[in-house]
Amino acid sequence: FKELDVWSNELGPESIFSLVNADWADSLTHLDAWGNLIGDDGVKAIARSSKLTSLRSLDLSRNSITANGLRALLDHQPLGELRQLSLCWNPITDEGVDLLRASPFLSQLIDLELRRIEASSDAMLRFVESPHFGPHLKLWIDEWTWDDKVKHALRERRGDQVDYGYMDTEEW
C-alpha cells in the first residue's frame, strides 16, 4: 500500500513521467498530483505507464487538463483498478464530459469529482444519463457552477449519487 502526495509542487510532464515509471510505482495505490503543471502531456505519461496497475485513487485537479489528456486516460486499460478520480478546476469542456459519458471506464469508478470544470449544463445533464454511470458511482460537484434547474435535474435523475460536499480520500 503506497500513497504519493505531490500536490502543489509545480511538477511538469517530465517529472510525472519519472514518478509513474519508477521501480516502486507498481505498488502505488494513491497519487495526489493536485495543483501542478502536468497538463495533457503529463496525463498521457500517466496513461502510458505500465507501472500503475495497483492505482486506485488519482487526483489530477488544477493541472490544466483538457479533453485531449482525458482521452488518453480513458483509453488506458492498465488503470483497471482505479476507483476514485478527481478532475476539479481543469478546463474540461463539453467534449471532455462527453468522453467520460461514452467511456466504459466510467462504470468502474466509485467516486468522480468534477468541481469547477468548464462544461455546460447540457453536457452535465447528458453525462448523468450515461449507460456507464453505475449504481455505485458518486458524482461530486460544486453547487455554484450549475444553476438550480441543473442541480434539481441531477438530483432527480441520480438522487444521492450526486453530492455537493467534498470527496474523502482518507479511506483509500
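Use the structure listed above.
My aim in this report is to walk through the structure given alongside it, one point at a time. For clarity, every value in this text was computed on a predicted model and none was experimentally measured. (Residues numbered from 1 in each chain as written. Predicted model: local features only at pLDDT ≥ 70, side-chain atom pairs only at ≥ 80, totals over all residues. Heavy atoms only, no water.)

### Overview of the packing of helix α2 (residues 39-48) against helix α3 (residues 67-74)
Quick note on the threshold: For helices, the axis comes from a line fit to the C-alpha atoms of the stretch in contact; other axes are also lines fit to C-alpha atoms, and the angle between any two N-to-C directions lies between 0 and 180 degrees. Only DSSP runs of H or I reaching four residues or more are called helices, and only runs of E reaching two or more are called strands; each is numbered from the N terminus. Orientation is classified from the angle alone, with under 35 degrees giving roughly parallel, over 145 giving roughly antiparallel, 65 to 115 giving roughly perpendicular, and any other angle giving oblique. Between two residues, a contact is recorded if the distance between any of their heavy atoms is within 4.5 Å.
The interhelical angle for the contact between α2 and α3, taken along N-to-C directions, is 0°, at an axis separation of 8 Å. With respect to α3, the element α2 is oriented roughly parallel. Residues D40, V43, K44, I46 and A47 of α2 touch α3, and the partners they reach there are N68, G69, A72 and L73.

### Re α2
Stated precisely, the cut-off is as follows: Any residue under 20% of the maximum accessible area for its type is buried, any over 50% is exposed, and the rest in between are partly exposed; the area is computed with a 1.4 Å probe on protein chains only.
With seven of 10 residues buried, α2 is to be regarded as a mostly interior element. Among all positions of α2, only G39, D40, G42, V43, A45, I46 and A47 are buried. Check the buried side of α2 and you find it contacts α1 (13-20), β2 (28-32), β3 (57-59) and α3.

### Some details on the sheet that holds β2
Rules: Paired strands, in this sense, are two strands between which DSSP finds at least two bridges.
The parallel open sheet is built from seven strands, whose spatial order is β1-β2-β3-β4-β5-β6-β7. One side of each edge strand has no neighbouring strand; the edge strands of this open sheet are β1 (2-5) and β7 (162-163).

### Comments concerning the pattern of salt bridges
Pairs may arise between side chains of opposite charge once their charged atoms sit close together. Going by this rule: Salt-bridge detection follows one rule: a side-chain nitrogen of Lys or Arg within 4 Å of a carboxyl oxygen of Asp or Glu.
Tallying each qualifying case throughout the model produces nine salt bridges. Among the ionic pairs, R101 bridges to D98, the shortest N-O distance being 3.6 Å. Remark: D98 and R101 occur in helix α4 (residues 94-102); sequence separation between them is three residues, near one turn of the helix. Where R126 meets D98, a salt bridge forms, and the shortest distance between an N and an O atom there is 3.0 Å. Of this pair, R126 sits in helix α5 (residues 121-127) while D98 sits in helix α4, and the two are 28 residues apart along the sequence. A relative accessible area of 32% means that R126 is categorised as partly exposed. One network of salt bridges, in which partners are shared, links D98, R101 and R126.

### With respect to the nonpolar core
Defined as follows: Among buried residues, the Ala, Val, Leu, Ile, Met, Phe, Trp, Tyr and Cys ones that are joined through side-chain atoms within 4.5 Å form a nonpolar core.
If you look at the biggest cluster of nonpolar residues, it comprises 49 residues, and the most contacted ones within it are L60, L112, L114 and F127. Where this core is concerned, the elements lending two or more residues are α1, β2, α2, α3, α4, α5 and α6 (148-158). Here this core gets four residues from one element, more than from any other, and that element is α5. Beyond its immediate stretch of four places on either side in the chain, L60 contacts A33, I38, V43, I46, I65, L73, S86, L87 and N90.

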